[in-house]
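Residue-level structural notes
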Amino acid sequence: MPMVTVSISPLQAADIRAAVDNGSYASSSEVVREALRMWDAARKLGGYHEDMFDQGRGPHGGRCVADMFADHEAENRRTA
């Protein structure tokens, strides 16, 4: 599998670690892959899906993957 290096904020790193530590994901790579799948799905929908994405649009009209993932995690906590 190809390797890519990215920079994330300390808060994003802590959120990823927490998702792994609480058992929601097996690894940090799994967290990032899911976030990227969500980003790809949003991009294919024109970058906006009213149910999932509401504010905080990025410089190219899309949402930041970290923000999409945070929204996803919050929704999972609400429905758990």
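Notes on the structure in this doc start here. (Residues numbered from 1 in each chain as written. Predicted model: local features only at pLDDT ≥ 70, side-chain atom pairs only at ≥ 80, totals over all residues. Heavy atoms only, no water.)

Things to note about the overall build of the protein chain
What the protein chain contains, in helices and strands, is three helices and zero strands. Listing every helix and strand of the protein chain by position from the N terminus yields α-α-α. For the protein chain, the proportion of its 80 residues judged to be buried stands at 20%. Considering only contacts in the protein chain between residues 6 or more positions apart, those separated by 24 or more positions represent 35%. Split by element, the accessible area of the protein chain, about 6,000 Å² in all, is 56% carbon and sulfur. (Helix = DSSP H or I, 4+ residues; strand = E, 2+ residues; numbered from the N terminus. Buried < 20%, exposed > 50% of the residue type's maximum accessible area, 1.4 Å probe, protein only. Contact = heavy atoms within 4.5 Å. Areas by Shrake-Rupley, 256 points an atom, 1.4 Å probe, with all protein chains shown as cover.)

Focus: the pattern of salt bridges
For side chains of opposite charge, pairing can occur when their charged atoms come near one another. Enumeration over the complete set of coordinates arrives at two salt bridges. Residue aspartate 40 is joined to arginine 43 by a salt bridge in which the shortest nitrogen-to-oxygen separation is 2.3 Å. Of the two residues, aspartate 40 and arginine 43 both sit in helix α2 (residues 28-44), three residues apart, roughly one turn of that helix. Residue lysine 44 is joined to aspartate 40 by a salt bridge in which the shortest nitrogen-to-oxygen separation is 2.9 Å. Here lysine 44 pairs with aspartate 40, and both are found in helix α2, just four residues apart, close to one helical turn. (Salt bridge = Lys/Arg side-chain N within 4 Å of Asp/Glu carboxyl O.)

Description of the environment of glutamate 73
Along the polypeptide, glutamate 73 turns up in helix α3 (residues 65-79). Glutamate 73 sits in the buried class, given a relative accessible area of 11%. On a C-alpha basis, the gap between glutamate 73 and alanine 19 in space is 8.7 Å, while along the polypeptide they are 54 residues apart. Setting aside its immediate chain neighbours within four residues, glutamate 73 contacts Ala19 and Tyr25.

Thoughts on α3
Between its terminal C-alpha atoms α3 stretches 21 Å, which fits the 21 Å expected from 15 residues at 1.5 Å a residue. Buried residues belonging to α3 abut α1 (10-21) and α2. (Expected span 1.5 Å × (residues − 1).)

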